[in-house]
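Tertiary structure, described
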Amino acid sequence: MDPSPTSPDARQGRIALSLGDPAGIGAEVTLKALAALARREGPESWTGSKGPLLVGCRRWLEDTYRSLRAGGEEPLLDPAELELLDLPLGEPVPPGAGGAASGAASFAWLTAATELVQQGHCRSLVTAPIAKHAWHAAGHVYPGQTERLAELAGVAEASMLFTARSPNGGWRLNTLLATTHIPLAAVPAALTPERVEAKLAVLLAFCQRFRPRPRLAVAGLNPHAGEAGQLGREEQDWLIPLLQRWRSRHPEAELLGPLPPDTCWLEAGAAWGGRSGKAAADGYLALYHDQGLIPVKLLAFDQAVNTSLGLPFLRTSPDHGTGFAIAGHGIARGASMAAALETARELG
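Residues numbered from 1 in each chain as written. Predicted model: local features only at pLDDT ≥ 70, side-chain atom pairs only at ≥ 80, totals over all residues. Heavy atoms only, no water.

Side note on the packing of aromatic side chains
Counted under the stated rule, the structure contains six aromatic pairs. Ring geometry for W60 and W109: centres 5.2 Å apart, planes at 35°, overall tilted. Of this pair, W60 sits in helix α2 (residues 58-71) while W109 sits in helix α3 (residues 100-118), and the two are 49 residues apart along the sequence. Residue classification places W60 among the buried residues on the basis of a relative accessible area of 9%. Judged by its relative accessible area of 2%, W109 is buried. (Phe/Tyr/Trp six-rings, centres within 6.5 Å; stacked < 30°, edge-to-face > 60°. Helix = DSSP H or I, 4+ residues; strand = E, 2+ residues; numbered from the N terminus. Buried < 20%, exposed > 50% of the residue type's maximum accessible area, 1.4 Å probe, protein only.)

Next comes the structure, spelled out in structure tokens:
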């Protein structure tokens, strides 16, 4: 089924799904995730016109399906049960061999999927992983998909928030990154008071979807949150005063921090394990990429979803990469893609 973008069955609530780098595990995790969701909720909820509208190369997807079926026993959804906007590969792309050809394809697929949402044919976007070096080889120099989406949407910047629902009681972990794909050495200069305040506003708005007066926690930049200026001055010079001002202006939230980064997520760990969620924050603001993603991936690697905020539409993606080293081996797990699809349907 290759629908025209103007077909009458293109529904407002539908998900557009770009299939990522064709040398990676995007097709595998998508077919595994949809098989799991269809088995759990019924195929009528995740196939045909009620399922996501995939964007990619049909021949490549079908070849991948046949190859995975021959080599493994884990359930896969047959591409024949899915609708796909077919943008064929210009040349074959072997599994694991990411480069200019695969980068050009994943860039085109992301752009087309985004246009489906912008034109009203779909409501939200789910993206399988891409490889930045493959985009660069194809002449598309972006730090990642988030920055390309911001450009397509005409916004200055989108925020990266990782959300996951615990299988042990349903507590939700939300972590937003104040800075994203920049070198660690560039983080202090990028962390301006204006940036932190803007990210707090984004985090507050997201957490209020689930609780009217959420508890927010901000990690410090330096070890021990600077230890009163002995291990770094950023907290004393501007972060603590900023947070004090923010508290006075936002009685609708409880704000904690800056907290020592090495203990900031301890209560989140307890809540994720189902022991107690009372002391955990509803949302965490990490000041740089790995500060936030190390605890998120330790706790919730198969459940966490990358959620782009600040766009005029919802975008989610799995919290893992292209998996070039395991592409074609049939061992990639589809749980994070399933969570991305469920989150897009829930919040979109």
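Structure shown, so let's carry the discussion forward.
Notes on the sheet that holds strand β8 (residues 254-259)
Read across the open sheet, the 11 strands follow the order β3-β2-β1-β4-β11-β10-β5-β6-β9-β7-β8; overall the sheet is mixed. This sheet does not close on itself; its edge strands, each paired only once, are β3 (83-86) and β8. The sheet shows a mean angle of 25° between the axes of neighbouring strands, taken without regard to direction. Direction of pairing for strand β5 (residues 159-165) relative to strand β10 (residues 305-309): antiparallel, over a ladder of five bridges. The partner of T163 across the bridge, within β10, is V305. Together, β5, β6 (172-177), β7 (215-219) and β9 (283-286) form the strand contacts of helix α10 (residues 289-300), whose direction differs from that of β6 by roughly 160°. (Pairing = 2+ DSSP bridges. Axes fitted to C-alpha atoms, helices over the stretch in contact; angles between N-to-C directions. Contact = heavy atoms within 4.5 Å.)

Quick look at the nonpolar core
By size, the foremost hydrophobic cluster in this structure holds 61 residues, and its most contacted members are L19, W60, L61, W109, L125, V126 and L341. Other than its neighbours up to four places away in sequence, W109 contacts S18, L19, G20, P22, V55, G56, C57, W60, L87 and L89. Within the second largest apolar cluster, 26 residues are counted, among which are L161, L191, A253 and L347. (Core = buried A, V, L, I, M, F, W, Y, C linked by side-chain atoms within 4.5 Å.)

Section: the pairing of strand β11 (residues 314-318)
Counting buried residues along β11, five of its five residues qualify, which places the element largely inside the surrounding structure. By the alternation rule, side chains of β11 split into L314, T316 and P318 and R315 and S317, which are all buried. In the sheet, strand β4 (residues 124-127) pairs with β11 via three bridges, with the strands oriented parallel. Its bridge partner being in β11, V126 is matched across the sheet by T316. The sheet contact formed by β10 and β11 spans four bridges and is antiparallel. Bridging from a neighbouring strand, S308 pairs with R315 of β11. Taken together, β10 and the strand that follows it, β11, pair antiparallel across an intervening segment of four residues, in which G310 is found at a positive phi of about 95°.

Re the packing of α3 against helix α5 (residues 145-153)
Between α3 and α5, the least distance of the axes is 11 Å, while the angle of their chain directions is 45°. In terms of orientation, α3 and α5 fall into the oblique class. The chirality of how α3 crosses α5 is right-handed. Taking contact as the criterion, the partners of F107, L110, T111, T114 and Q118 in α3 are, on α5, Q145, R148, L149, L152 and A153. (Parallel < 35°, antiparallel > 145°, perpendicular 65-115°, else oblique. Left-handed = near helix turned anticlockwise from the far one by under 90°.)

What about the pattern of salt bridges?
Applying the stated rule across the entire model yields 16 salt bridges. Linking E346 and R165 is a salt bridge whose minimum nitrogen-to-oxygen distance equals 2.9 Å. Residue E346 is found in helix α11 (residues 335-347), and its partner R165 is found in strand β5; the two are separated by 181 residues along the sequence. When its relative accessible area of 44% is taken as the criterion, E346 is described as partly exposed. Of the residues examined, R165 reaches a relative accessible area of 41% and is grouped as partly exposed. (Salt bridge = Lys/Arg side-chain N within 4 Å of Asp/Glu carboxyl O.)

Section: helix α7 (residues 193-207)
With 15 residues, α7 should reach 21 Å at 1.5 Å per residue; the first-to-last C-alpha distance of 21 Å fits that figure. When we look at burial in α7, the residues that qualify are V196, K199, L200, L203, L204, F206 and C207. All buried residues of α7 lie within an arc of 160° about the axis, which places them on one face of the element. (Expected span 1.5 Å × (residues − 1). Arc of directions from axis to C-beta.)

Read these as spatial facts, not as claims about activity.
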